[in-house]
Amino acid sequence: MPELPDITVYLEALEPRVLHQTLLTAEVRGPFLLRSERSPAECEGHSVTALRRIGKRIALGFDHDLWLVFHLMIAGRLHWSAKAKKADGRRTLAAFIFDSGCLTLTEAGSQKRASLHVVSTAELEDLDPGGIDVLSSTLEDFTRVLTASNHTLKRSLTDPRLFSGIGNAYSDEILHRARLRSEEHTSELQLH
């Protein structure tokens, strides 16, 4: 599952390709991909004005107060092509043709878990689990959130309501680097 660093790389790659570009067509063929009542077609003819990370989600903001919000889950991937592509509904679940190229969403495997929401700016907050941004938080804020309740370190680090964007893989990396056991409880930490 893409986590904070992966999502950051996606956003950095998308910025020069879609920011200030107009979405010409949006084609969604994955029957379970779209998780909102609004259609991505409502963004056709509008340009991308913002890119944002919301936890483990990638959000593209358009000039008419709508956002396309992608959650890639375990096997979802975004791909860029200079040529237009078609969504087939099997592996390629969606295709978004911009005046600068084509963004496709693919998902390997049989369990399709990736999601797409089309929401207004006001509704965007509803998709945010609320965890603190670990890259901009202070040590004091990080410590306060980590020790607010007694759970295993692994559970606390991967809880999106506590920490934004950290999942299984990066929690393991963090714990390895800090030389801590994943099953250790937050109340057992010796904080200085």
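Throughout what follows, the structure given in this document is the object of discussion. (Residues numbered from 1 in each chain as written. Predicted model: local features only at pLDDT ≥ 70, side-chain atom pairs only at ≥ 80, totals over all residues. Heavy atoms only, no water.)

1. Structural notes on the pattern of salt bridges
What the rule picks out here adds up to nine salt bridges. Note that Arg-90 is salt-bridged to Asp-88, the shortest N-O span being 3.7 Å. Under the relative-accessibility criterion, Arg-90 is labelled exposed at 61%. You can call Asp-88 partly exposed: its relative accessible area is 36%. The partner of Lys-154 in a salt bridge is Asp-172, with the nearest N and O atoms 2.4 Å apart. With Lys-154 in helix α4 (residues 153-158) and Asp-172 in helix α5 (residues 168-178), this residue pair connects regions lying 18 residues apart in the sequence. (Salt bridge = Lys/Arg side-chain N within 4 Å of Asp/Glu carboxyl O. Buried < 20%, exposed > 50% of the residue type's maximum accessible area, 1.4 Å probe, protein only. Helix = DSSP H or I, 4+ residues; strand = E, 2+ residues; numbered from the N terminus.)

2. Details of the pairing of strand β2 (residues 48-54)
With six bridges joining them, β2 and strand β3 (residues 57-62) adopt antiparallel strand pairing. Looking at β3, one finds that Arg-52 is bridged to Ala-59. Joining the antiparallel neighbours β2 and β3 is a turn of two residues, in which Gly-55 adopts a positive phi near 65 degrees. (Pairing = 2+ DSSP bridges.)

3. Some words on the sheet that holds strand β8 (residues 115-120)
Reading across from one edge, β2-β3-β4-β8 is the order of the four strands in this open sheet, with antiparallel pairing throughout. With partners counted over all chains shown, the strands left at the sheet margins are β2 and β8, one partner each. Recorded for the sheet is a direction-independent mean angle of 20 degrees between the axes of neighbouring strands. The pairing of strand β4 (residues 66-71) with β8 spans six bridges and is antiparallel. By the bridge assignment for β8, Phe-70 is matched with Leu-116. The sheet contacts of helix α1 (residues 4-18) involve β2 and β3, and relative to β2 the element is tilted by about 175 degrees. (Axes fitted to C-alpha atoms, helices over the stretch in contact; angles between N-to-C directions. Contact = heavy atoms within 4.5 Å.)

4. Structural notes on the environment of Ile-7
By secondary structure assignment, the location of Ile-7 is in helix α1. Judged by relative accessible area, which is 0%, Ile-7 ranks as buried. Ile-7 sits 51 residues away from Ile-58 along the chain, and the two C-alpha atoms are 6.7 Å apart. Leaving out residues up to four positions away in the same chain, Ile-7 has contacts with Pro-2, Arg-53, Lys-56, Arg-57 and Ile-58.

5. Structural notes on the sheet that holds strand β7 (residues 101-107)
Pairing within the open sheet is antiparallel, and its four strands lie in the order β1-β6-β7-β5. Looking at strand neighbours, the two that pair on one side only are β1 (23-28) and β5 (76-81), the edges of this open sheet. The mean inter-strand angle of the sheet, taken between neighbouring strand axes irrespective of direction, is 15 degrees. The pairing of β1 with strand β6 (residues 92-98) spans five bridges and is classified as antiparallel. Paired with Ala-26 across the two strands is Phe-96, which belongs to β6. Contacts from α1 reach β5, β6 and β7, with the element oriented near 30 degrees to β5.

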